[in-house]
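Structural overview for review
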Amino acid sequence: PAGQQRIFMYTVKCFKPENKLALGYSFYVLNRGENSGRPSYSPNPNCFVVSTQTEEDRLILFYACQALHLNGRFRQHLIGSVIVLLRIGDFKDVLNKAYDSFSKKSEPISKAVERIDAAYSLIQLTEKKSKAIVKLHRCYLYESFIK
């Protein structure tokens, strides 16, 4: 019904390769080092596994983690002096606040994902062009001074 908020469920656990995941859709989040909070679809030695019941929830949480990581929101929660660590409770608190913020917006997740993916495609295209320009630059240098 209209105006009723849907139930949102997810779990966060420390990743261990031998453990089975409880829910169907998951991704991983680094929890140690300067990149703590960075999401990934493949596991790393020091990470959390975030599991959800739906693909839509996974997308929401994945992009929320990406936004939080890129904007330094996890940095203030890092502890330790040599190797910094993000605690699971702090991670969940920050993620819950981000989800609450997203759920108050009227934009559907499909629209947000479409915009995010379009921007990412532009980043990839720009990186390809940049690499091609670097190769061209090297060729000009080689041709001018070595050949």
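Bear in mind the structure is a predicted one, so any value in this text is a computation, not a measurement.

Conventions we followed
Residues numbered from 1 in each chain as written. Predicted model: local features only at pLDDT ≥ 70, side-chain atom pairs only at ≥ 80, totals over all residues. Heavy atoms only, no water. Helix = DSSP H or I, 4+ residues; strand = E, 2+ residues; numbered from the N terminus. Rg over C-alpha atoms; globule rule 2.2 N^0.38 Å. Buried < 20%, exposed > 50% of the residue type's maximum accessible area, 1.4 Å probe, protein only. Contact = heavy atoms within 4.5 Å. Pairing = 2+ DSSP bridges. 1 Å grid on protein atoms, 1.4 Å probe; cavity = no way out; pocket = protein on both sides within 12 Å on 5 of 7 lines; lining within 4 Å. Points joined across faces, edges and corners; volume = space filled by probe spheres on them. Nonpolar A, V, L, I, M, F, W, Y, C, P; charged D, E, K, R; others polar. Phe/Tyr/Trp six-rings, centres within 6.5 Å; stacked < 30°, edge-to-face > 60°.

Focus: the overall build of the protein chain
For the protein chain, the count of helices and strands is three helices and six strands. Starting at the N terminus and ending at the C terminus, the protein chain contains elements arranged as β-β-β-β-α-β-β-α-α. Here the C-alpha radius of gyration of the protein chain, 20 Å, is well above what a compact globule of 147 residues would show, namely 15 Å. Based on the C-alpha atoms only, the size of the protein chain along its principal axes is roughly 70 × 45 × 30 Å. For the protein chain, buried positions account for 31% of its 147 residues. Sequence separation of 24 or more characterises 63% of the internal contacts of the protein chain that already satisfy a separation of 6 or more.

Let's talk about the pairing of strand 2 (residues 25-30)
Burial analysis of strand 2 places five of its six residues in the buried class, the great majority of the element. One ladder, built from six bridges, connects strand 2 with strand 4 (residues 47-52); its direction is antiparallel. Along strand 4, the bridge assignment pairs tyrosine 28 with valine 49. Pairing analysis gives two bridges linking strand 2 to strand 3 (residues 39-40), with the strands arranged antiparallel. Paired with valine 29 across the strands is proline 39, a residue of strand 3.

Quick look at the environment of leucine 85
Looking at where leucine 85 falls in the secondary structure, it is placed in strand 6 (residues 85-86). Note on leucine 85: relative accessible area 24%, which makes it partly exposed. If we skip the residues at most four places from it in the chain, leucine 85 touches Asn31, Arg32, His77, Leu78 and Ile79.

Some thoughts on the layout of surface pockets
As a volume, the largest pocket reaches approximately 690 Å³. Lining the largest pocket are 25 residues, and of these Tyr63, Ala64, Ala67, Leu68 and Ala98 sit closest to its centre. Listed by contribution, the elements that provide at least two residues to the lining of the largest pocket are helix 1 (55-70), helix 2 (88-103) and helix 3 (109-145). Sort the elements by how many residues they give to the lining of the largest pocket and helix 1 lands first, with eight residues. Taken together, the residues of the lining of the largest pocket sort by class into 13 nonpolar, five polar and seven charged.

Some details on the environment of arginine 58
Assignment of secondary structure puts arginine 58 in helix 1. Expressed as a C-alpha distance, the spacing of arginine 58 and serine 26, which sit 32 residues apart in the sequence, is 6.5 Å. Apart from residues no more than four positions distant in its own chain, arginine 58 is found in contact with Tyr25, Ser26, Phe27, Tyr41 and Thr52.

Describing the packing of aromatic side chains
Scanning the model with the defined rule gives six aromatic pairs in all. The interplanar angle of 80° and the centroid separation of 5.4 Å between the aromatic rings of phenylalanine 27 and phenylalanine 62 together place this pair among those described as edge-to-face. Within this pair, whereas phenylalanine 27 is found in strand 2, its partner phenylalanine 62 is found in helix 1, the two being separated by 35 residues in sequence. Of the residues examined, phenylalanine 62 reaches a relative accessible area of 7% and is grouped as buried. Every member of this aromatic cluster is reached through a ring pair, and the members are Phe27, Tyr41, Phe62 and Tyr63.

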